[in-house]
Amino acid sequence: MLTEELVDLSRLQFAVTALYHFLFVPLTLGLAFILVIMELTYVITDRPIYKDMVRFWGKLFGINFALGVTTGITMEFQFGTNWAYYSHYVGDIFGAPLAIEGLMAFFLESTFIGLFFFGWDRLNKWKHFMVTVLMAVGSNLSALWILIANGWMQDPVGATFSFVTMRMEMSDFWAIVFNPTAQAKFVHTVSAGYVTASLFVLGISSYYLLKGRDLDFARRSFRIAAGFGFASALSVIVLGDESGYTVSESQKTKMAAIEAMWETEPAPAAFTLFAVPNEKAERNDYELQIPYALGLIGTRSLTKTMPGIKEIKARNRERIENGIHAVVALEQLRRNHDDKAALAQFEAHKADLGFGLLLKKYIVDVSQATPEMIQQAVDDTVPRVAPLFWSFRFMVALGFLFLLLFSFALLYSIKGNFIEKKWLLRWALWFIPMPWIAAELGWIVAEYGRQPWTIYGVLPTHISVSNISVGNIYGSLAGFVGFYTVLLIVEMYLMTKYARQGPASLGTGKYHNEKSAGGALPASAPANPI
Amino acid sequence: MDYETLKLVWWLLIGVLLVGFAIMDGHDMGMGVLLPFVGRNDLERRAVINTVAPHWDGNQVWFITAGGAIFAAWPMVYATAFSGFYWAMMAALWALFFRPVGFDYRSKIQNPAWRSTWDWGLFIGGAVPPIIFGVAFGNLLQGVPFHFDDILMSTYTGSFWQLLNPFALLAGVVSLGMITFQGANYLMMRTEGDIYRRTRSASLLFGTLTFITFALAGWWVATGIDGYVITSTVDPNGLPDPLAKTVATAAGAWMTNYHTYAWAKWVPIAAFAALATGILFARLDKAGLAFWSSSVACAGIIGTAGVSMFPFIMPSSSDPRSSLTVYDAVSSHLTLGLMLGATVIFMPLIIFYTSWCYKVMWGKVTTEFIAANDKSAY
């Protein structure tokens, strides 16, 4: 029996483990390319300090990467353990990008990461550089395939439903790969990763500069992070806007909720800067708007309208009522594959099958659904407004603050006097956690914003779960929270320890604490001259 | 390629991926099992760990890809097995947690208690998953209590504890023995001195253990476990629908394929022969040949389970017609074809660059090397 408790717990566990996994992904995506830039500088200039930079930031990369791998396996397992009906219903489409991700991307990244760390003495510098490039390409390709899979959840193109196999089946692979929603998500997500990594390097470098240590090392790291970060912060905003621009129905619903736009407004719609959304009355109690802005962002035109929540709900009511016929016909077809009348009815209404399935949350035999149940299902089709409205605004505000920070960082890098700008260095240092917050908010907007669906318009979240006892999930959730808390403490401890230690952790004998304080190194650790 | 052929090819390819996992991830998991015993002090343990340091992560992708391929090619198996074996899967997953962090974090702090904790973490991460996967195979051979409803939602009606029955536990020992044998033979190639001598003894011990338990399990399957047979006609080219067939249990049914197909018996024969030669080569200090032998043994042992059950993948003991087979648990024609294309393109590339990485890093890892590379080695 699929109770609400079972569904909510399954969602909670997925949210907790996905948000946690996503603490480690953005840094991996971005730092890999920063390592590529640093190493390219090394192979061209042949100056050992750049090699030290690759190795030191690589050490921090490794500490982060270990937990990324650990928590990534959880995501793969969970589709089977907790979302079994989802896996059955869309595995034919969703499984393929995951498997290709393994074959094409994850193997590449994981095989070469070994040589990245351990191949320094066995490869010439060009070969080692190639290894680093392949590792970075692998990690970013990995993100591409995962986001193709996720994009399909938002906008399920290239697939049709089969009543014999009782699932969605792939009809056009390339439509899934080149799904505009997926492509927009990919560029937005990897850019966010580049911002995260740039701010990480910028902030830690600023720490050394503020302490007045390892100046040469920190200055060079700062400049690279400033340049890469500026380009990334710009692209994350421009390309974030791009993912609002896509045309699918799911994104329109999400947009209306994000904007707390209850009524369809005449084009071009205003952008609501601030509002107090009132879910019950379906209006905003207070709002502050910028005229025309949303219409321009959302439709790229002055004449196209964007549907408001009330209009979307009215359309969805029709689809739910239609969907009832599809579900009833499907149930007859499942009993008798050759039922001609049922087949005709099913074919006529199958576009709305998913909407009919929304009623399964309230009643087993959907043909008996009462008007109240239908109203509830209609209300379900638009996610709750307030969390989306605010998550989105905080994310965007952070995005602009990143752009501002990196603009200053780049400007003073070019002028060459950023060391004197203590306020900038402090800003960078204290801002290190912010890209993570922005990334998690972005995840909430994308995934919470898709509710009540796992596959928009196709499969309601409610029937996607595994039919297991709730006791199992309480147990596993407790296990995850326990493991993940301990692992996070360990990771943060090591990250802080090595970041504080700085390039001296390489044991080259050239850096802060190594030259002056003789006793800083343990006697058992011989220096490792390069 | 027609649908039937693709279904059979994917049965073979999933087998190849599982064998790849056993050979590659198997040797670093086997390393984990042996770590606390063949390394008697910190430097020795670090030498042992660093034989796989550049490779464990790539090896682990065999596991992840095998999982992804089962998701893509056999979505119903993925859904039914992972949700049915819920706690077993969680235990395997949590045990795997210890590997990435164990490898990467262990030597980043000097404290002996810290390091010893992670050594045992690597032991758990090496020992628990093979045992669980073996136990899972043991249960597949006996049938698992699950059924589908009319919208093909699966429900597992057994408990976690009943998975731990005597035959399944024996299968778990076979699996652990096989993986540890593989790990020991790998370590023999990459270590020297005391560590080498200890791993050689471990190789002989675990090779023999695997040989005996595998023989015992085979005898048990032949005489004490009812197999499953499809009793209705099946259209191998048909759309996959597990509920469209009827299935019965029959004594000795898991032996049928060995009578029907003359080549089938060579699979278990290869397993026994490779185990025997593996033990022999380890005795003769031919580490490389011992490793190749135990790799063949992995293929033979996994292949034997697959061939015995064919065409079944996951038989249902409580509702036999819900059983999942290579014909009715699969993806669509298009997806299977597409995935085959991706595998044909990428698998040779993966084998190529993985081999190159091993070649670059090849050689004995000594305690002297660790002492000299204290900051950069694991």
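Up top you'll find the structure we're talking about.
Since we're looking at a predicted model, the values are computed, not measured.

(A) Geometry of the overall build of chain B. Regarding its fold elements, chain B presents 13 helices and six strands. Relative to the 2.2 N^0.38 estimate, which gives 21 Å for 378 residues, the radius of gyration of chain B is 21 Å and therefore close to what a compact globule would have. The buried share among the 378 residues of chain B stands at 57%. Residue pairs in contact within chain B that sit at least 24 positions apart in sequence constitute 81% of those at least 6 positions apart.

(B) Molecular detail of helix α2 (residues 25–45) of chain A. Helix length check: α2 of chain A (21 residues) gives 31 Å between terminal C-alpha atoms against 30 Å at 1.5 Å per residue, within 8%. Aspartate 46 of chain A sits one or two positions beyond α2 of chain A and adopts a positive phi of about 65°.

(C) View of the interface of chain A and chain B. Each side of the interface is counted separately: chain A has 64 residues, and chain B has 63 residues. If you list the elements that add at least two residues to the side of chain A that touches chain B, you get α3 (48–82), α4 (84–118), β2 (167–170) and α18 (470–501) of chain A. Sort the elements by how many residues they give to the side of chain A that touches chain B and α4 of chain A lands first, with 24 residues. Residues of the side of chain A that touches chain B, tallied by class, amount to 35 nonpolar, 23 polar and six charged.

(D) Looking closely at helix α5 (residues 125–154) of chain A. Here α5 of chain A is 30 residues long and its end C-alpha atoms lie 43 Å apart, about the 44 Å a rise of 1.5 Å per residue gives. In terms of residue burial, α5 of chain A counts as a mostly covered element, since 21 of its 30 residues are buried.

(E) How the structure looks around the packing of α18 of chain A against helix α5 (residues 86–105) of chain B. At their nearest, the axes of α18 of chain A and α5 of chain B sit 11 Å apart, and the two run at 5° to each other. In terms of orientation, α18 of chain A lies roughly parallel with respect to α5 of chain B. Contacts between α18 of chain A and α5 of chain B involve Asn472, Ser476, Gly479, Phe483, Leu487, Val490 and Leu494 of chain A from the former and Tyr86, Met90, Trp94, Phe97, Val101 and Tyr105 of chain B from the latter.

(F) The arrangement of the nonpolar core in detail. Ranked by internal contacts, the top residues of the largest apolar core, which has 283 residues, are Ile34 and Trp57 of chain A together with Val77 of chain B. For this core, the leading source of residues is α4 of chain A, giving 23 residues. Split by domain, the residues of this core number at least three in each of domain 1 (4–247 + 384–448 + 469–511) and domain 2 (265–306) of chain A. Those residues in contact with valine 77 of chain B that lie beyond four places of it in its chain are Ile70, Ile313, Met314, Leu324 and Ala329 of chain B.

(G) Spotlight on the pairing of β2 of chain A. Residues and elements named next belong to chain A. Going residue by residue along β2, you find Arg167 and Glu169 tucked away on one face and Met168 and Met170 tucked away on the opposite face as well. Pairing analysis gives four bridges linking strand β1 (residues 159–162) to β2, with the strands arranged antiparallel. Pairing of serine 162 across the sheet is with arginine 167, part of β2. Where β1 folds back on β2, the antiparallel hairpin that results is connected by four residues, among which methionine 166 adopts a positive phi of roughly 55°.

Reading guide: rules and limits
- Residues numbered from 1 in each chain as written.
- Chains lettered and ligands numbered in written order.
- Predicted model: local features only at pLDDT ≥ 70, side-chain atom pairs only at ≥ 80, totals over all residues.
- Helix = DSSP H or I, 4+ residues; strand = E, 2+ residues; numbered from the N terminus.
- Rg over C-alpha atoms; globule rule 2.2 N^0.38 Å.
- Buried ≥ 20, exposed ≤ 12 C-beta atoms within 10 Å, placed from the backbone.
- Contact = placed C-beta atoms within 7 Å.
- Expected span 1.5 Å × (residues − 1).
- Nonpolar A, V, L, I, M, F, W, Y, C, P; charged D, E, K, R; others polar.
- Axes fitted to C-alpha atoms, helices over the stretch in contact; angles between N-to-C directions.
- Parallel < 35°, antiparallel > 145°, perpendicular 65-115°, else oblique.
- Core = buried A, V, L, I, M, F, W, Y, C linked by C-beta atoms within 7 Å.
- Domains from an automatic or database assignment.
- Pairing = 2+ DSSP bridges.

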